[in-house]
Amino acid sequence: MEVRLDGRAGIVTGASRGIGEAIARSMLDAGASGVVLTGRRPETIGALAAELGPRAVAVAGNVRDPDHAAEAVATAVRTFGSCDVLVNNAGTNPSAGSLMDVDMDAVDATWDVNQRAPLVWARAAWDGWMRDHGGSVLSIGSVGGMAPGPLLGAYNVSKAALHHLTRQLAHELAPGVRVNAIAAAVVRTRLSEALWASDPEGAARAHPLGRLGDPDDVARAAVFLLSDAAAWITGVVLPVDGGLTGAGAALG
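Residues numbered from 1 in each chain as written. Predicted model: local features only at pLDDT ≥ 70, side-chain atom pairs only at ≥ 80, totals over all residues. Heavy atoms only, no water.

Comments concerning the environment of Arg188
Thinking step 1. Among the structural elements, Arg188 can be located in the loop between strand E6 (177–184) and helix H6 (193–196).
Thinking step 2. Taking relative accessible area as the criterion, Arg188 reaches 38% and is therefore assigned partly exposed.
Thinking step 3. Remark: the alpha-carbon pair of Arg188 and Pro215, spanning 27 residues in sequence, is separated by 6.9 Å. (Helix = DSSP H or I, 4+ residues; strand = E, 2+ residues; numbered from the N terminus. Buried < 20%, exposed > 50% of the residue type's maximum accessible area, 1.4 Å probe, protein only.)

Shown next as structure tokens:
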């Protein structure tokens, strides 16, 4: 089956660069009728929307704001006639360190953006379109949400919560709405630079496939999970990780 999104419109949060931008581009390449791009900086997402053309529109705001989420859904419905797809991509990691030491304001911000905001957006999409028409929700998680590790405890806990939120929403919103997530490993983005920039080759060797991920690696998996090619898939957290959690889990 060809992986297509013809006739569907939706939203990508945190779409100004990196994985979010790549997903928005891939959705349009797969025939989506329109994509609402969200982000904090109007000039950045506005420029991207202008580059992508008339099937893209920018709505700036804070991902934690329920009114912003409702506005984005209403914009998708008003501009493109539907809001069939929601991609919860926006994420943050403002501080690293042990959970015993990390600043609690940073913990609150991390959990607010990474685990609470996706629920805010799912509710907005449900209320504004998907309750009556169905749809597909996809969240961008992390392999850090699948196993503990050093320094990124607050981030990892937030992604573990996002993975379980995915399963819970898949249970609650079936059969009309499918809900899945991608657990990404180290992808070359600005958010993850601290994990690879000082030793890209060493970071690549940690992945059995021998390289870091690119935003397009995640985007291709995203379009698949959003499309009818994945019509019987819901409640799944799919590792897109260069083999890190599968082939990399061998004993000895």
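And the narrative resumes.
Quick look at a positive patch on the surface
Thinking step 1. On the surface, Arg17, Arg40, Arg41 and Arg190 cluster together to form a positively charged patch.
Thinking step 2. Following the sequence through the fold, Arg40 ends up in the loop between strand E2 (34–39) and helix H2 (42–52). (Patch = residues over 30% accessible without salt bridge, like charges linked within 9 Å, V, L, I, M, F, W, Y side chains within 5 Å. Areas by Shrake-Rupley, 256 points an atom, 1.4 Å probe, with all protein chains shown as cover. Salt bridge = Lys/Arg side-chain N within 4 Å of Asp/Glu carboxyl O. Lys, Arg positive; Asp, Glu negative; His and termini not counted. Charge placed at Lys NZ, Arg CZ, Asp CG, Glu CD.)

Some details on the layout of surface pockets
Thinking step 1. The space that makes up the second largest pocket amounts to roughly 150 Å³.
Thinking step 2. Of the residues assigned to the lining of the second largest pocket, the class counts are 7 nonpolar, 3 polar and 3 charged. (1 Å grid on protein atoms, 1.4 Å probe; cavity = no way out; pocket = protein on both sides within 12 Å on 5 of 7 lines; lining within 4 Å. Points joined across faces, edges and corners; volume = space filled by probe spheres on them. Nonpolar A, V, L, I, M, F, W, Y, C, P; charged D, E, K, R; others polar.)

A word on the sheet that holds strand E3 (residues 56–60)
Thinking step 1. Ordered in space as E3-E2-E1-E4-E5-E6-E7, the 7 strands form an open sheet in which the pairing is parallel. Two strands bound the open sheet, and with one partner strand each, they are E3 and strand E7 (237–240). Averaged over all adjacent pairs, the angle separating strand axes in this sheet is 20°, with direction ignored.
Thinking step 2. Taken strand by strand, H2 contacts E2 and E3, and its axis lies near 175° from that of E3. (Pairing = 2+ DSSP bridges. Axes fitted to C-alpha atoms, helices over the stretch in contact; angles between N-to-C directions. Contact = heavy atoms within 4.5 Å.)

With respect to helix H4 (residues 104–133)
Thinking step 1. Helix length check: H4, at 30 residues, gives a terminal C-alpha distance of 40 Å against a target of 44 Å (1.5 Å per residue), a fit within 8%.
Thinking step 2. The largest bend in H4 comes to about 60°, at Trp126.
Thinking step 3. Capping the start of H4 is the job of one residue whose side-chain oxygen sits 3.0 Å from the backbone nitrogen of Asp105: Asp103.
Thinking step 4. Note on H4: the residue one or two positions beyond its end, Gly134, has a positive phi of about 80°. (Expected span 1.5 Å × (residues − 1). Bend = angle between axes of the 7 residues up to and from the residue. Polar contact = N/O pair within 3.5 Å; in protein donor to acceptor, adjacent residues only side chain to side chain.)

A word on the pattern of salt bridges
Thinking step 1. For the structure on display, the rule yields 9 salt bridges.
Thinking step 2. Close ionic contact of Arg25 with Glu51 constitutes a salt bridge, the shortest N to O distance being 2.7 Å. Highlighted residues: Arg25 in helix H1 (residues 18–29) and Glu51 in helix H2, separated in sequence by 26 residues.
Thinking step 3. Two residues, Asp214 and Arg211, come together in a salt bridge whose shortest N-O distance is 3.9 Å.
Thinking step 4. Residue classification places Arg211 among the partly exposed residues on the basis of a relative accessible area of 41%.

Details of a nonpolar patch on the surface
Thinking step 1. Side chains of Leu99, Met100, Trp111 and Val157 sit close together on the surface and give an oily, nonpolar patch of about 400 Å² of accessible area.
Thinking step 2. Position of Trp111 among the secondary structure elements: in helix H4.

Quick notes on the packing of H4 against helix H5 (residues 153–173)
Between two packed helices, the angle of one axis relative to the other and the distance separating the axes together describe the packing.
Thinking step 1. Contact geometry for H4 and H5: axes closest at 8 Å, N-to-C directions at 15°. In terms of orientation, H4 and H5 fall into the roughly parallel class. Crossing hand, H4 versus H5: right-handed. Residues Val107, Thr110, Trp111, Asn114, Gln115, Pro118, Leu119, Ala122 and Trp126 of H4 form the contact with H5, whose own contacting residues are Ala154, Tyr155, Val157, Ser158, Lys159, Ala161, Leu162, Leu165, Leu169 and Leu173.
Thinking step 2. Of the residues belonging to the contact of H4 with H5, the class tally is 14 nonpolar, 4 polar and 1 charged. (Parallel < 35°, antiparallel > 145°, perpendicular 65-115°, else oblique. Left-handed = near helix turned anticlockwise from the far one by under 90°.)

Worth remembering: the numbers are spatial, not functional.
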